[in-house]
Each structure stands twice: as structure tokens, then as C-alpha cells.
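Spelled out from the first residue to the last, the chains are:
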Amino acid sequence: MANLSLHLPPNVMKLSLRGRATMASTNGAPFYKTKSGGPVILEIPLDKIRRPLTRTRANDPVKVKELMESIREIGLQEPIDVLEVDGVYYGFSGCHRFEAHQHLELPTIRCKVRRGTKETLRHHMR
Ligand code: ADP
């Protein structure tokens, strides 16, 4: 399977796309879609990912610290899952990895992005 890497300015993002992908649009949060509609792996700036449930769910600080050490040493081994609805990214899981990236002040995080509808989003918010 083709593996395409694009290097864009740091204030945009570094993309690594697996499989066939086409640019869909850019509205401040660039996004890409596969022709098959399957998930894509993207490096997304942390501040472009909305996390609607963060305030209601507390992370385990020990886990976060361990992840920070591991990510610093070997990097993120498993991307976090992100939902893309109408060009906006939403994260509901991968909370400890996300927080570890924040503390490490990493500008982007590797994400497995799936497309969803507003209905999918509503389902995640329940
Ligand atoms: P999260 O809320 O981010 O899912 P968990 O503690 O529940 O946190 O799980 C940690 C996840 O992070 C595991 O799925 C593990 O495979 C993944 N992971 C990715 N990169 C690393 C890394 N460098 N060191 C340890 N775990 C990692």
C-alpha cells in the first residue's frame, strides 16, 4: 500500500497518509479523506482537536506521567482515535496520551481519523 508523507509548515501540520487520500478542504483545520472512506493517520495540532468531555472525566496522573516518560523515550506507539465531522476534529478517547502530549508541549499528536456525521457526534456526546 502506498505511503505518502507531506511536510508542511510547522504551523499547519505534518501529514502521513496511508492509502489513497485526497485533500477535502481547508478551513483552518485541514483535513483529508480516503477514497475508500476508511480511517487515515494524521499528525494534528493539539489545539485543533475538540475534547468535549475533558471537564467531566479525570485522568490518572500516574498513567499520564508514565506515558510522558515513554512517549519522550520511544514516541507515541498507538495513535489516538479522532472523529472528523464537517472538517472539525473531535477526540473522545486517548485522554492520557493527549494529556501527556500537552505536558510535553508537543505541537501535534498522531491520530487515526474517521469521518462521522452529526449523528455520530451526538452518539459520542451521550
Ligand atoms: P489513553 O487514555 O490515552 O487511552 P491508557 O492508559 O488507557 O491511555 O492507554 C495507554 C495507551 O497508549 C495504550 O493503548 C498504549 O498502547 C498506548 N501507547 C502509545 N504510545 C505509547 C508509549 N510510548 N508508551 C506506552 N503506551 C503507549
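Everything discussed here concerns the structure shown above.
The rules we used
- Residues numbered from 1 in each chain as written.
- Predicted model: local features only at pLDDT ≥ 70, side-chain atom pairs only at ≥ 80, totals over all residues.
- Heavy atoms only, no water.
- Near = heavy atom within 4 Å.
- Polar contact = N/O pair within 3.5 Å; in protein donor to acceptor, adjacent residues only side chain to side chain.
- Areas by Shrake-Rupley, 256 points an atom, 1.4 Å probe, with all protein chains shown as cover.
- Helix = DSSP H or I, 4+ residues; strand = E, 2+ residues; numbered from the N terminus.
- Nonpolar A, V, L, I, M, F, W, Y, C, P; charged D, E, K, R; others polar.
- Buried < 20%, exposed > 50% of the residue type's maximum accessible area, 1.4 Å probe, protein only.
- Contact = heavy atoms within 4.5 Å.
- Core = buried A, V, L, I, M, F, W, Y, C linked by side-chain atoms within 4.5 Å.
- Phe/Tyr/Trp six-rings, centres within 6.5 Å; stacked < 30°, edge-to-face > 60°.
- Lys NZ or Arg CZ within 6 Å of the ring centre and 35° of its normal.
- Axes fitted to C-alpha atoms, helices over the stretch in contact; angles between N-to-C directions.
- Left-handed = near helix turned anticlockwise from the far one by under 90°.

This part takes up the site of the ligand. In the neighbourhood of the ligand, 13 residues make up the surrounding shell, with S70, G75, Q77, H96 and R97 lying closest. S70 places a polar side-chain atom, nitrogen or oxygen, 2.4 Å from a nitrogen atom of the ligand. Measuring from an oxygen atom of the ligand, one finds a side-chain N or O atom of H96 at 2.7 Å. Contact with the protein chains hides 68% of the accessible area of the ligand, taken as 570 Å² for the molecule alone. Mapped by element, the contributors of at least two residues to the shell around the ligand are helix 1 (61-74) and helix 2 (95-103). Top contributing element to the shell around the ligand by residue count: helix 1, with 5 residues. Of the residues assigned to the shell around the ligand, the class counts are 5 nonpolar, 5 polar and 3 charged.

Here the focus is helix 2. Regarding helix 2, the residues found buried are H96, F98, A100 and H101. Tucked into the core, helix 2 has its buried residues touching strand 6 (49-50), helix 1, strand 7 (80-85) and strand 9 (108-115). Immediately beyond the C-terminal end of helix 2, within one or two residues, lies E105, with a positive phi of roughly 55°.

This part covers the nonpolar core. Grouped together as the largest cluster of nonpolar side chains are 18 residues, with contacts concentrated most on I44, I49, V82, Y89, I109, C111 and V113. Formed by 7 residues, the second largest nonpolar core is a distinct cluster that contains L53, V88, Y90 and L121.

This next bit is on the packing of aromatic side chains. Counted by the stated rule, this structure contains 0 aromatic pairs. Against the face of F98 rests R51, its NZ or CZ located 4.5 Å from the ring centre.

The phi torsion at D86 lies on the positive side, around 50°, for a residue other than glycine. In this structure, D86 sits in the loop between strand 7 and strand 8 (88-91). With relative accessibility at 52%, the residue D86 sits in the exposed group. If you check the backbone angles, E105 has positive phi at about 55° while not being a glycine. Position of E105 relative to the elements: it lies in the loop between helix 2 and strand 9. Of the residues examined, E105 reaches a relative accessible area of 69% and is grouped as exposed.

What follows deals with the packing of helix 1 against helix 2. Axis separation between helix 1 and helix 2 bottoms out at 8 Å; the angle between their running directions is 65°. As helix 1 packs across helix 2, the resulting crossing turns out to be right-handed. Packed against helix 1, whose contacting residues are K63, V64, L67, M68 and I71, the element helix 2 presents H96, R97, E99, A100, H101 and H103 at the interface. Grouping the constituent residues of the contact of helix 1 with helix 2 by class yields 5 nonpolar, 3 polar and 3 charged.

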